Amino acid sequence: MKLHEYQSKRLFARYGVPIPRGDVATTPEEARRITARLDQRVVIKSQVLVGGRGKAGGIRLANDPDEAEQIADAILGMDIKGLAVKKVLVDEAADIATEIYLGIVIDRARRRPVMMASAEGGVEIEEVARATPERIVRVTIDPFLGLQTYQGRELAFGIGLPKNLVRDFVKIAQGLYQAFLESDASLAEINPLVVTGTGKLLAVDGKVLLDDNALFRHFELAEMRDADSETLEEQEARRHGLSYVKLDGEIGCMVNGAGLAMATMDIIKLHGGEPANFLDIGGSSNPDKVVAALEIITSDPNVKVILFNIFGGITRCDDVANGIVEATKRIDIDVPLVIRLTGTNEEEGVRILEGAGMSAATSMDEVVERAVALAAEA
Ligand code: GDP
Ligand code: MN
């Protein structure tokens, strides 16, 4: 789950990171009031969960409340990379001297958090990594020790930060790490962290990615979810405890277990097909989950065939078979179903399907080949 800029910055501020004064508006009038209260030049920033808002025209400066109202009116309702702007952040405008990048991610290869800093702030770090990788300084963090002061200094010196700012920089880096750690984030980023004209550090933009699997212990963060950033199908899937990712292909996939789901997509590709989704119905599957999953898959107009790949372990094949039969009664499915059932209660599952006029195979290759052929014919 992604946090909006204003949410990210407020989170960072709780850990001592300096952020501009400001507030969120959903109407132009509100933007005017906030500007009047701040009583200075402001920056109006679209709150959408994509990067590059600046380039897309979603970030503009306003000199007074009148102008703020006008600009907020123009930005609210704008479409930025397919997302409608429903909120703007009205911040006191920063007087920017230089822009720094400061971010932290999990490095899977090192199995540790890595903090990165660059003097090339304000542009996407992926771009810096591609064009001038030597401009990124990294330190690996020992999770038992946390970000050490000397590591913060190493980053500061590595990016050529003026000496008088090093202390503050280290505090910000440690605050950012603490925010990352305590919210179970997979990424926390300040881009840009600016040096102002008066020589102070200020976090002007913030980004946080949270680990969905840890949200159960972060009620307050989970509450911040922006439903608009998810499709209806993704919301439904989450409500039913299904892992669903929509893709662009034509073969709807219903699989139990994430590993098997990945393998299924690979085999579809191997046989020349394209999966329409990743969907993991999870371990113990009750028929209701199968019905919900089928509703989600069939709501995608690209789907030409639905492939079930069920390996019965904790999941029982007869449960899934019942779910399939139940689903075909409850919803209209006008695409062919190709079913593979193997494992726990396989015979029972096959019998249930046959009783309802359907069939199942046990070989994965066989069903995938059939699904690819059916998708090609349709
Ligand atoms: P992003 O484009 O979505 O990453 O949004 P950012 O918040 O990072 O803003 C993009 C750029 O707009 C920054 O790198 C700055 O150059 C500029 N910008 C953002 N806020 C301010 C501000 O308060 N004052 C000034 N002068 N420029 C700003
Ligand atoms: Mn940015």
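No experiment lies behind these values; they were computed from the predicted model shown. (Residues numbered from 1 in each chain as written. Chains lettered and ligands numbered in written order. Predicted model: local features only at pLDDT ≥ 70, side-chain atom pairs only at ≥ 80, totals over all residues. Heavy atoms only, no water.)

Colleague: What's the story with the coordination of the manganese ion (ligand 2) in this structure? I'm lost.
Modeller: As a benchmark, a tetrahedral metal site with four donors has ideal angles of 109.5 degrees, while an octahedral site with six donors has ideal angles of 90 or 180 degrees. Here the manganese ion (ligand 2) is held by the protein donor atoms Asn-191 (O) and Asp-205 (OD), which lie 2.2 to 2.4 Å from it. Residue Asn-191 is found in strand E11 (residues 185-196), and its partner Asp-205 is found in the loop between strand E12 (201-203) and strand E13 (206-210); the two are separated by 14 residues along the sequence. (Donors = N, O, S within 2.8 Å, 3.2 Å for Na, K, Ca; no water. Helix = DSSP H or I, 4+ residues; strand = E, 2+ residues; numbered from the N terminus.)

Colleague: Mind showing me how you'd approach the nonpolar core here?
Modeller: Looking at soluble globular proteins, one finds that nonpolar side chains tend to be buried together. Ranked by size, the top nonpolar core spans 39 residues in total, and within it Leu-102, Met-115, Phe-169 and Leu-193 carry the most contacts. Here the element with the most residues in this core is helix H6 (residues 166-182); it accounts for nine residues. One finds Ala-292, Ile-297, Ala-327 and Ile-331 within the second-largest nonpolar core, a separate group that totals 30 residues. (Core = buried A, V, L, I, M, F, W, Y, C linked by side-chain atoms within 4.5 Å. Buried < 20%, exposed > 50% of the residue type's maximum accessible area, 1.4 Å probe, protein only.)

Colleague: What exactly am I supposed to notice about the site of ligand 1 here?
Modeller: Taken together, 16 residues sit near ligand 1, with Lys-45, Arg-53, Ala-94, Glu-99 and Asp-205 positioned nearest. One of the side-chain N or O atoms of Asp-205 is found 3.0 Å from an oxygen atom in ligand 1. In the complex, the protein chains occlude 78% of the 560 Å² of accessible area that ligand 1 would expose alone. If you map ligand 1 onto the pockets, it falls in the largest pocket. At the level of secondary structure, the elements contributing two or more residues to the shell around ligand 1 comprise strand E3 (42-46), strand E4 (59-62), strand E8 (96-107) and E11. Split into classes, the residues belonging to the shell around ligand 1 amount to eight nonpolar, four polar and four charged. (Near = heavy atom within 4 Å. Polar contact = N/O pair within 3.5 Å; in protein donor to acceptor, adjacent residues only side chain to side chain. Areas by Shrake-Rupley, 256 points an atom, 1.4 Å probe, with all protein chains shown as cover. 1 Å grid on protein atoms, 1.4 Å probe; cavity = no way out; pocket = protein on both sides within 12 Å on 5 of 7 lines; lining within 4 Å. Sits in = over half its atoms within 2 Å of the grid points. Nonpolar A, V, L, I, M, F, W, Y, C, P; charged D, E, K, R; others polar.)

Colleague: Can you help me understand the sheet that holds E4 in this one?
Modeller: In a beta sheet, neighbouring strands are held together by backbone hydrogen bonds and run either parallel or antiparallel to one another. The strand order across the open sheet formed by four strands is E2-E7-E3-E4, and the pairing between neighbours is antiparallel. Only two strands of the sheet have a single neighbouring strand rather than two, namely strand E2 (22-25) and E4. Geometrically, the sheet is characterised by an average inter-axis angle of 25° between neighbouring strands, direction not taken into account. Two elements, E2 and strand E7 (residues 88-92), share four bridges in a ladder whose sense is antiparallel. Paired with Ala-25 across the strands is Val-88, a residue of E7. In this fold helix H1 (residues 5-13) packs onto E2, E3 and E7, with an angle of close to 45° to the strand it touches most, E7. (Pairing = 2+ DSSP bridges. Axes fitted to C-alpha atoms, helices over the stretch in contact; angles between N-to-C directions. Contact = heavy atoms within 4.5 Å.)

Colleague: Explanation requested: the pairing of strand E9 (residues 112-118) in the structure shown.
Modeller: The side chains of a regular strand alternate, residue by residue, between the two faces of the sheet. Among the seven residues in E9, six count as buried, and that is most of the element. Pairing of E8 with E9 involves seven bridges; the strand directions are antiparallel. The partner of Leu-102 across the bridge, within E9, is Ala-117. Both E9 and strand E10 (residues 136-140) contribute to a ladder of five bridges, which runs antiparallel. Across the sheet, the residue bridging to Met-115 is Val-139, located in E10.

Colleague: What is the right way to look at the packing of helix H2 (residues 28-38) against helix H3 (residues 65-75) in this model?
Modeller: Axes are the key here: two packed helices are described by the angle between their axes and the distance separating the axes. Between H2 and H3, the shortest axis-to-axis distance is 8 Å and the interhelical angle comes to 145°. For the crossing formed where H2 meets H3, the hand is right-handed. Here Pro-28, Glu-29, Ala-31, Arg-32, Thr-35 and Ala-36 of H2 come into contact with H3, specifically with Pro-65, Asp-66, Ala-68, Glu-69, Ala-72 and Asp-73. Among the residues making up the contact of H2 with H3, the classes are represented as six nonpolar, one polar and five charged. (Left-handed = near helix turned anticlockwise from the far one by under 90°.)

Colleague: Whenever I open this one, the side chain of Glu-5 confuses me. Can you help?
Modeller: Along the chain, Glu-5 falls in helix H1. Looking at Glu-5, the relative accessible area reads 5%, which means it is buried. Of note is the side chain of Glu-5, whose polar atom sits 2.7 Å from the side chain of Lys-45. Each residue touching Glu-5, except ones within four places of it in the same chain, is listed here: Lys-45, Gln-47, Arg-53, Leu-89, Val-204, Asp-205 and Gly-206.

Colleague: Help me understand the layout of surface pockets in this model?
Modeller: Empty pockets left among the atoms are what a rolling probe the size of a water molecule brings to light. Put simply, the largest pocket is a space of about 1,100 Å³. Around the largest pocket, the lining comprises 43 residues; the ones closest to its centre are Gly-52, Arg-53, Gly-122, Asn-191 and Asp-205. In the lining of the largest pocket, the residues fall into 20 nonpolar, seven polar and 16 charged. Around the second largest pocket, the lining is made up of 19 residues, and of these Asp-212, Glu-230, Arg-238, Tyr-244 and Val-245 lie nearest the centre. At the level of secondary structure, the elements contributing two or more residues to the lining of the second largest pocket comprise helix H8 (232-239) and strand E14 (243-246). (Points joined across faces, edges and corners; volume = space filled by probe spheres on them.)

Colleague: What is the right way to look at unusual backbone geometry in this model?
Modeller: Peptide bonds are mostly trans, and most non-glycine residues show a negative phi. Omega for the peptide link from Asn-191 to Pro-192 comes to 10°, which places this bond in the cis form. Position of Pro-192 among the secondary structure elements: in strand E11. Even without being a glycine, Lys-81 presents a positive backbone phi close to 45°. The topology assignment puts Lys-81 in the loop between strand E5 (79-80) and strand E6 (83-84). Despite not being glycine, Arg-111 has its phi angle at roughly 60°, a positive value. In this fold, Arg-111 is placed in the loop between E8 and E9. Using a relative accessible area of 71% as the deciding quantity, one classes Arg-111 as exposed.

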